Structures are given as C-alpha cells and as structure tokens.
Amino acid sequence: MKTPSLLLPVILLLAGWLPAASSAPAKPNVVVVLIDDMGWSDLSCFKGEAPTPAIDRMAKEGIRFTNFYANAPICSPSRTALTTGQYPQRWRITSFLENRRANTRRGMAQWLDPKAPVLARDLKAAGYATGHFGKWHMGGQRDVGDAPLITEYGFDESLTNFEGLGPRVLPLLDAYDGSPPKKHDLGSAALGRGPVRWEDRSAITSVYVKEAVSFVDRAQAEGKPFFINLWPDDVHSPFFPPEVLREKSDGGKRAFYHAVVRAMDQQLAVLFERIRSDAKLRDNTLVVISSDNGPEPGAGSAKPLRGTKGMLYEGGIREPLIVWGPGFIPGEKSGTTNATSVLSAIDLNRSIHAFTGTAIPEGVTPDGEDFSQTLIGRAERQREAPIFWRRPPDRPGPDGEPNPDLAARDGRWKCYVSYDGKKAQLYDLSADESESHDLSAANPDEVRRLAKAMLDWNAKLPPDAGDPSFKAP
C-alpha cells in the first residue's frame, strides 16, 4: 500500500530523517551603538569620571575589550570603515564630510558610493529588518543635498541628524537662561529630502532610542531578526545637557561634557532594558557599544593614551568596546576584560557577517578579519595582518604637535612614518601604552618591516590632499 503523501513528512520526522522545524536556530539580532567623539576612558567602566551605570551594567554582564580601534581618528571615515568592512581610503572618505568645495579641496568624495559593500544591505538580503537611528555623516550634509538617502544603503528605516538625508531630527540649543533656543542644523533644514522636526538638543538621543525600540517591537511582531545602528550624536559638541544636570555642573566645558555623557547613558538605558527584560530578545541579541574616534580636546579623556580626536596616536583611535549577549557569552566570561586581542571596526563588520551567518557578496574583498568567537568570549585570537591608518588630510597636528602621516599596529608594536617613509616612531604598547618612549633607533628591523608594509598599503589607495603626490582637480 502506498504511503499517503501527507503522512510522509511525519513518518520521516519520527524516524529521525528530517529535523523538527523548531530545531533551526533563530538568527541573532544585532544592535551597534556607536557613540560620537567619546574618549577611551570616558565611561565609568573604563575609569571615566562621569557615572554611566547603564553601560557599566552591559559591561558587567558582557565583555570589555581594551585594544579595540576605530579605523580613523575622525567621524566620516571611521563610520565608513564600520559600514563597509573596508579601509575608508578605498572610498575616498578620509576626513569628515563637509561642504562640496571643502570635500573637493581635500581630495574626497561627496558621499559614500552606493556601490560600496554595506553590512546592512547584506543583512537585509539575509532576511533582517534593518534600521539606522542617529548620526550618519557619510553623505547629505551642509550643501550636499543630492547624496543618496540612508535607505538606499540597505536600511528599511532611518532617522538621522543634520549629517544625513531622509527623516531628520534637528537640535534646538537651549541654555536655560531665558533666551530663546537656537536652531543648529548647518543648513540641513534647507536641503529637503525628508521630514524635519526640531527637538531639544539634550533629548535627541532619547528620540533615537524611542524609534529604535519601536523598530524592535515591529520586527518582533513580524517574526524577523533585526539589525540596528543606534548612533547618537552625543557626546559631540555643542554640549547642551538637560537643565537639571546643567545646574549641577560648574558651567565649564568638561563639566558640560560629563553631564552629556551621563544623560546619554540614561537615555540608552531604555533600549538596553527593553532587550534585557524580554527573554526571547535577551538570549538572542548581541549588543555592541563603542565610539567613532577619540575625544574633542578639553572635553573627553583618553588617559593615559597620547593624543585626541584627529590624531593617529592612541588617544585618537583607540576606543572602548563592550559586547553584551547573555545567550552567547559563556557565564564564566561575563564581566571579564579582553586585553590581548587587537581588533578594529573593519574586523567588527566582518565578525557580524560571520556571527549572523551572512555571506560577504561575491567580488567584495573585506579588509577585516573574523573575530566573531572572540567577541563572545569563546576565543582570544590575534589579527593576522597589521591594522593601518592614514591621517585625515586636514589634520597635520594640533598646536604645533606633528600628526604622523601613516600608522600601523601589529601585535605589541605601533609604528609611524611620514609619506616618504621617514620620521619613524616605534612604540611597544604592551609596556608603553602612553607612547612615551620611541624605540625606533633600537629596533631598525621592525621599523623597516612596518614602514614597508605601511607604504605598500598606502600606495594601493587613492591619495588625498594630505599626500604630497596629490594633484588637485
């Protein structure tokens, strides 16, 4: 007698030939929180002065990484690296995107080429709901009103500030001194290309968080995994903390900065608690918290590291990294610190691809390496290739202090050279993280090796106006 076709799958399932539908693991959710202009030692869990209890709790339940790097010391190229998984010089974004003339003068693109590989686009193709809430700064600012919308890069929804196009929330600067709040948009409101609303500067992060939470709710209701960029423009200047925190400060720049850090932490806590309080989300969501570059001088802190925003020294590019995911991180690894693995934002991109089981498109050459198991505490791998940097063309160095042209981190070594391969500096970061003792004279072989690697790397990339070989259009 023939077996009825409707019964065949049931018989095979009972016999063990077919897996139960529920055995297929759900795709993990991923949230990337990228804070703006925050120093390596600004969070209280990184010995910072401002209390950040919400982020500290994420660190206590997750893993801290103390050798994580942005791939540029300034916003637009740093964000491009995280977005594409490639060095931003490939896409001619080597400093902050400004107006058209300034971008052209510095040898830069006006926006990130839509043909660039984008993590969100890959995840969307793999079935993810994708949302970007916060600063973009990869096109659509000042007088650049014809840049692609954020949704053209693979995001289902977006809400940004004055450094992007599409729906935007723009800041009102209220000094709480009786004078009317001032609009601060750098021309964005006049560009069109999306609805604009104005909110108090001190509350804008909470607006992004609210949109992100709503996005989580919708994705969960639709049964879809989600990928979220939550990129507040805190703690970037201008510093306008909430009135209650402003009144408690001494009115100085650093005090206002610390108040903004504290307020941002309180606002981010809403999303963290939404995920933590839902067992299905808590056990299947990875949250990554970091910053795009070092602190503005006189505001944040990168102590004991040398340098600040815009510089290739450690303080300009080394950032705090916290990875939270109770469903993925072994219990004994919760609250630990990884001080040995050296990785960067391009590696984070590659790792999220691997962690979510999302293929890198054919023809794309990633510059990052896979640290997915290291991020969740199941390995402590080391990078096979050095990490390279090139200084922004408009950042020769602050107040007479030279900013090296090229840099490389390879294991314990950090090396710097000028575009012609001269002016070498070499530091052993395992013993001298403040870069106080130049060891180049005592280690000529290491200098030659790393200098050659930097020059070979740079030679393959489009030059910008910082390079003497650059020819202005």
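Everything in this summary refers to the structure shown in the same document. Remember, it's a predicted structure, so these values are computed and weren't measured experimentally.

### Considerations on the layout of surface pockets
Item 1. By volume, the largest pocket is sized at about 310 Å³.
Item 2. Along the wall of the largest pocket there are 19 residues; nearest its centre are Trp 40, Thr 66, Arg 318, Ala 339 and Glu 433.
Item 3. Among the elements that make up the lining of the largest pocket, the one with the highest residue count is strand 2 (residues 63-69) (3 residues).
Item 4. Split into classes, the residues belonging to the lining of the largest pocket amount to 7 nonpolar, 5 polar and 7 charged.

### Regarding the packing of aromatic side chains
Item 1. In the structure shown here, the tally under the stated rule is 11 aromatic pairs.
Item 2. For the ring pair Phe 239 and Tyr 257, a centre distance of 5.4 Å and an interplane angle of 85 degrees mean the geometry is edge-to-face. Here the residue Phe 239 occupies a position in the loop between strand 8 (226-231) and helix 7 (243-248), and Tyr 257 occupies one in helix 8 (residues 253-276), the gap between them amounting to 18 residues. When sorted by exposure, Phe 239 lands in the same class as Tyr 257, which is buried.
Item 3. When the ring of Phe 328 is compared with that of Phe 355, the centres are 4.9 Å apart and the planes differ by 85 degrees; the resulting orientation is edge-to-face. With a gap of 27 residues between them, Phe 328 in the loop between strand 10 (318-324) and strand 11 (336-338) and Phe 355 in helix 11 (residues 345-355) connect regions that are remote in the sequence. Considered together, Phe 328 and Phe 355 belong to a single accessibility category, that of buried residues.
Item 4. Among the aromatic residues, those joined into a cluster by ring pairs are Tyr 87, Phe 388 and Trp 457.
Item 5. Geometry around Trp 40 places Arg 318 over its ring, the cationic atom sitting 5.4 Å from the centre.
Item 6. Note that Arg 381 overlies the ring of Phe 371, its terminal NZ or CZ placed 4.6 Å from the centroid.

### Details of helix 8
Working note: α-helix, 3.6 residues per turn, so residues spaced by three or four point in the same direction.
Item 1. Over its 24 residues, helix 8 extends 34 Å from the first C-alpha to the last, a length consistent with the 34 Å expected when each residue adds 1.5 Å.
Item 2. For helix 8, the principal kink sits at Ala 269 and spans about 30 degrees.
Item 3. Helix 8 sits mainly inside the fold: 17 of its 24 residues count as buried.

### Observations concerning the pairing of strand 9 (residues 285-291)
Item 1. With 7 of 7 residues buried, strand 9 lies mostly within the body of the structure.
Item 2. A two-sided burial pattern is seen for strand 9, the buried positions comprising Thr 285, Val 287, Ile 289 and Ser 291 on one face and Leu 286, Val 288 and Ser 290 on the other.
Item 3. Of the pairings in the sheet, the one linking strand 1 (residues 29-35) to strand 9 comprises 7 bridges and is parallel in character. Pairing of Val 32 across the sheet is with Val 288, part of strand 9.
Item 4. As defined by bridge partners, strand 9 adjoins strand 10 across 3 bridges and the pair is classed as antiparallel. Its bridge partner lying in strand 10, Val 287 is registered against Trp 324.

### Some points on the side chain of Asp 347
Item 1. With respect to the helices and strands, the residue Asp 347 is situated in helix 11.
Item 2. For Asp 347, a relative accessible area of 0% puts it in the buried group.
Item 3. A polar side-chain atom of Asp 347 sits 2.7 Å from the main-chain amide nitrogen of Glu 369.
Item 4. Ignoring sequence-local partners within four residues, the contact set of Asp 347 consists of Gly 368, Glu 369, Phe 371 and Arg 383.

### Some details on the environment of Gly 194
Item 1. Turning to its location among the elements, Gly 194 is positioned in the loop between strand 6 (182-183) and strand 7 (196-200).
Item 2. Considering only alpha carbons, one finds Gly 194 and Pro 167, 27 residues apart in sequence, at a separation of 4.6 Å.
Item 3. When near neighbours in sequence (up to four residues on either side) are disregarded, Gly 194 contacts Gly 166, Pro 167 and Arg 168.

### Notes on the sheet that holds strand 5 (residues 168-173)
Item 1. The strand order across the open sheet formed by 3 strands is 6-5-7, and the pairing between neighbours is mixed. Only two strands of the sheet have a single partner each, and these edge strands are strand 6 and strand 7.

### Concerning the environment of Ala 109
Item 1. Structurally, Ala 109 can be placed in the loop between helix 4 (100-105) and helix 5 (119-125).
Item 2. The sequence separation of Ala 109 and Gly 335 amounts to 226 residues, and the corresponding C-alpha distance is 42 Å.

### Things to note about unusual backbone geometry
Item 1. With an omega of 15 degrees, the peptide bond running from Asp 234 to Val 235 counts as cis.
Item 2. Here Val 235 lies in the loop between strand 8 and helix 7.
Item 3. Here the residue pair Lys 303 and Pro 304 is connected by a cis peptide bond, since its omega of 5 degrees sits within 30 degrees of zero.
Item 4. Within the element layout of this structure, Pro 304 appears in the loop between strand 9 and helix 10 (314-317).
Item 5. Of note in this structure, Arg 142 is not a glycine but carries a positive phi near 50 degrees.
Item 6. Residue position: Arg 142 is located in the loop between strand 3 (129-134) and strand 4 (157-159).

### Things to note about the environment of Ala 212
Item 1. Its location among the elements puts Ala 212 in helix 6 (residues 204-221).
Item 2. Taking relative accessible area as the criterion, Ala 212 reaches 0% and is therefore assigned buried.
Item 3. For the pair formed by Ala 212 and Asp 367, sequence separation is 155 residues and the distance between their alpha carbons is 29 Å.
Item 4. With residues up to four places along the chain from it excluded, the contact list for Ala 212 reads Phe 133, Ile 228, Leu 230 and Leu 271.

### Observations regarding the pattern of salt bridges
Item 1. Per the stated rule, a full pass over the model turns up 38 salt bridges.
Item 2. Between Arg 276 and Glu 273 there is a salt bridge; the shortest N-O distance is 3.0 Å. With Arg 276 and Glu 273 both in helix 8 and 3 residues apart, this pair spans about one turn of that helix.
Item 3. The residue Arg 381 makes a salt bridge to Glu 369 at a minimum N-O spacing of 2.6 Å. Of the two residues, Arg 381 is situated in the loop between helix 12 (372-375) and strand 13 (387-390) and Glu 369 in the loop between helix 11 and helix 12; the sequence distance between them amounts to 12 residues.
Item 4. Several salt bridges converge on common partners, so that one network encompasses Glu 314, Arg 318, Lys 414, Glu 433 and Glu 435.

### Brief notes about empty space enclosed by the protein
In this approach, a probe sized like a water molecule rolls over the atoms, and the result shows the empty space that is left.
Item 1. A full pass over the atoms with the stated rule returns 4 cavities of 30 Å³ or more.
Item 2. The volume enclosed by the largest cavity comes to roughly 70 Å³.
Item 3. Leu 34, Phe 68, Leu 82, Ser 291 and Ala 345 are, among the 13 residues lining the largest cavity, the residues nearest its centre.
Item 4. For the lining of the largest cavity, the residue count by class is 9 nonpolar, 3 polar and 1 charged.

Here is what the cut-offs are and how they apply
Residues numbered from 1 in each chain as written. Predicted model: local features only at pLDDT ≥ 70, side-chain atom pairs only at ≥ 80, totals over all residues. Heavy atoms only, no water. 1 Å grid on protein atoms, 1.4 Å probe; cavity = no way out; pocket = protein on both sides within 12 Å on 5 of 7 lines; lining within 4 Å. Points joined across faces, edges and corners; volume = space filled by probe spheres on them. Helix = DSSP H or I, 4+ residues; strand = E, 2+ residues; numbered from the N terminus. Nonpolar A, V, L, I, M, F, W, Y, C, P; charged D, E, K, R; others polar. Phe/Tyr/Trp six-rings, centres within 6.5 Å; stacked < 30°, edge-to-face > 60°. Buried < 20%, exposed > 50% of the residue type's maximum accessible area, 1.4 Å probe, protein only. Lys NZ or Arg CZ within 6 Å of the ring centre and 35° of its normal. Expected span 1.5 Å × (residues − 1). Bend = angle between axes of the 7 residues up to and from the residue. Pairing = 2+ DSSP bridges. Polar contact = N/O pair within 3.5 Å; in protein donor to acceptor, adjacent residues only side chain to side chain. Contact = heavy atoms within 4.5 Å. Salt bridge = Lys/Arg side-chain N within 4 Å of Asp/Glu carboxyl O.

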